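Structural characterization, general
Take a look at the letters that make up each chain.
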Amino acid sequence: MKYWLMKTEPATYSWDDLNNEPNKTDHWDGVRNYQARNFMRDMKEGDGILFYHSVVKPPCIVGIARVAKEAYPDHTQFDSGAKYFDPKSPKDNPRWDMVDIQAVETLPEPVTLPQLRETAGLDEMVLLRKGSRLSIQPVTEKEWKIIRKLAGLK
DNA sequence: GCCAACGTTGGC
DNA sequence: GCCAACGTTGGC
């Protein structure tokens, strides 16, 4: 079992969009970065996800989700009207994938970026590295446990 | 709104 | 294959 962090701008897609009904599953489309895509291809059903809101004040982790379905082709790459249309993606070998995720629980207390920065043991976290813009990042088990605790979970 | 850090594109 | 130009991300 692995752990991940997934970023989203809540104005586009928020925790409430995923968590507006019990056990809702939704697809995570629009990833157009190869490194992030490769991490998605590495995801297995049941992996843990930290759901992160970017471009809000303060940026924060707001919920826990799980991988509900492993990577499969993102259909929006072939939709010429879609924002994430990719005319160069070969139909017989789609360039971009998406996964399905499912809300597990809302954090009792969101964990903010400044909080993460000042927490011991998170020094190596990808999110905290200078210039890290990856929208999907691996999280270690140690980091996962520290963050759950920060959020008031066991 | 600014801008540093990145990723991608395309001419050569 | 290099690299300048450009576009995007995302914290501040």
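Refer to the structure presented above.
Computed from a predicted model, the values in this text were never measured in an experiment. For every chain, the first residue of its written sequence is number 1, and the numbers climb from 1 along that sequence. The order in which chains are written sets their letters, starting at A; the order in which ligands are written sets their numbers, starting at 1. Local features are withheld for residues below a pLDDT of 70 in this predicted model, meaning they are given only at 70 or higher, and side-chain atom pairs are given and counted only at 80 or more; totals for whole chains, interfaces and linings count all residues. Each side-chain value is derived from all of the structure's non-hydrogen atoms; neither hydrogens nor water enter the calculation.

1. Thoughts on the protein's contact with DNA strand C
Our working rule: Here a residue counts as near a molecule or strand whenever at least one of its heavy atoms sits within 4 Å of it. Here a polar contact is recorded for every N or O atom pair within 3.5 Å, except that within protein the pair must consist of a potential hydrogen donor and a potential acceptor, and residues adjacent in sequence are included only if both atoms are side-chain atoms. Residue polarity follows a fixed list, in which Ala, Val, Leu, Ile, Met, Phe, Trp, Tyr, Cys and Pro are nonpolar, Asp, Glu, Lys and Arg are charged, and the others, Gly among them, are polar.
Taken together, Lys7, Tyr52, Val55, Pro59, Leu113, Arg117 and Arg133 form the complete shell of residues around DNA strand C. In DNA strand C, atoms within 4 Å of the protein come 83% from sugar and phosphate. One of the side-chain nitrogen or oxygen atoms of lysine 7 is found 2.8 Å away from a phosphate oxygen of DNA strand C. One of the backbone N or O atoms of valine 55 is found 3.1 Å from a phosphate oxygen in DNA strand C. When its residues are assigned to classes, the surface near DNA strand C shows four nonpolar, no polar and three charged.

2. Focus on the packing of aromatic side chains
Using the following cut-off: Under the pairing criterion, centres of Phe, Tyr and Trp rings, with the six-membered ring standing for Trp, must be within 6.5 Å; the plane angle then separates stacked pairs below 30 degrees from edge-to-face pairs above 60, leaving the rest tilted. Strands are runs of DSSP state E lasting at least two residues, helices are runs of H or I lasting at least four, and both sets are numbered from the N terminus onward. Burial status follows relative accessibility: with a 1.4 Å probe on protein chains alone, a residue under 20% of its type maximum counts as buried, one over 50% as exposed, and anything between as partly exposed. A positively charged side chain is recorded as over a ring if its NZ (Lys) or CZ (Arg) lies within 6 Å of the ring centre. The angle to the ring normal must also be within 35 degrees.
Following the criterion strictly, the structure yields seven aromatic pairs and no others. Considering the side-chain rings of tryptophan 28 and phenylalanine 51, the 5.7 Å spacing of their centres and the 85° angle between planes classify their relative orientation as edge-to-face. With a gap of 23 residues between them, tryptophan 28 in strand β2 (residues 25–28) and phenylalanine 51 in strand β3 (residues 48–53) connect regions that are remote in the sequence. Relative accessible area serves as the criterion here: at 0%, phenylalanine 51 is assigned to the buried category. Grouping aromatic residues by their ring pairs yields a cluster made of Tyr13, Trp15, Trp28 and Phe51. Note that lysine 69 overlies the ring of tyrosine 72, its terminal NZ or CZ placed 4.0 Å from the centroid.

3. Some thoughts on the pairing of strand β5 (residues 97–112)
In regular strands, side chains alternate between the two faces of the sheet. Quick note on the threshold: We treat two strands as partners when DSSP finds at least two bridges between them.
Here β2 pairs with β5 via four bridges, running antiparallel. Bridge pairing links threonine 25 to glutamine 102 in β5.

4. Comments concerning the sheet that holds β2
Each strand in a sheet pairs with another by means of backbone hydrogen bonds, the pair being arranged parallel or else antiparallel. Heads up, the condition is: A fitted line through C-alpha atoms serves as each axis, taken over the contacting stretch for helices, and the angle formed by two N-to-C directions is quoted from 0 to 180°. When checking whether two residues touch, look at their non-hydrogen atoms; a contact exists if any pair is within 4.5 Å.
Taken in spatial order, the six strands line up as β2-β5-β4-β3-β1-β6 in an open sheet, and their pairing is mixed. Two strands close off the open sheet at either side, each with one partner strand: β2 and β6 (136–139). Taking the axes of each pair of neighbouring strands and ignoring which way they run, one obtains an average angle of 40° across the sheet. Bridging between β3 and strand β4 (residues 60–73) involves six bridges; their strand directions are antiparallel. For isoleucine 49, the partnering residue across the bridge sits in β4 and is alanine 65. Those strands touched by helix α4 (residues 141–150) are β1 (3–8), β3, β4, β5 and β6, and its axis lies near 60° from that of β3.

5. Remarks on the nonpolar core
Nonpolar side chains tend toward joint burial in soluble globular proteins. Quick note on the threshold: Joining through side-chain atoms within 4.5 Å is the link that ties buried Ala, Val, Leu, Ile, Met, Phe, Trp, Tyr and Cys residues into a set, and such a set is a nonpolar core.
Counting 22 residues, the largest nonpolar core has Met6, Leu18, Trp28, Met43, Phe51, Ile101 and Ile136 as its most contacted members. Only β1, α1 (15–18), α2 (34–41), β3, β4 and β5 provide two or more residues apiece to this core. Of the residues forming this core, the biggest block, four residues, is contributed by β4. Beyond its immediate chain neighbours, meaning those up to four positions away, phenylalanine 51 contacts Met6, Thr8, Tyr13, Ser14, Trp15, Leu18, Trp28, Cys60, Ile61, Val62, Gly63 and Ile101.

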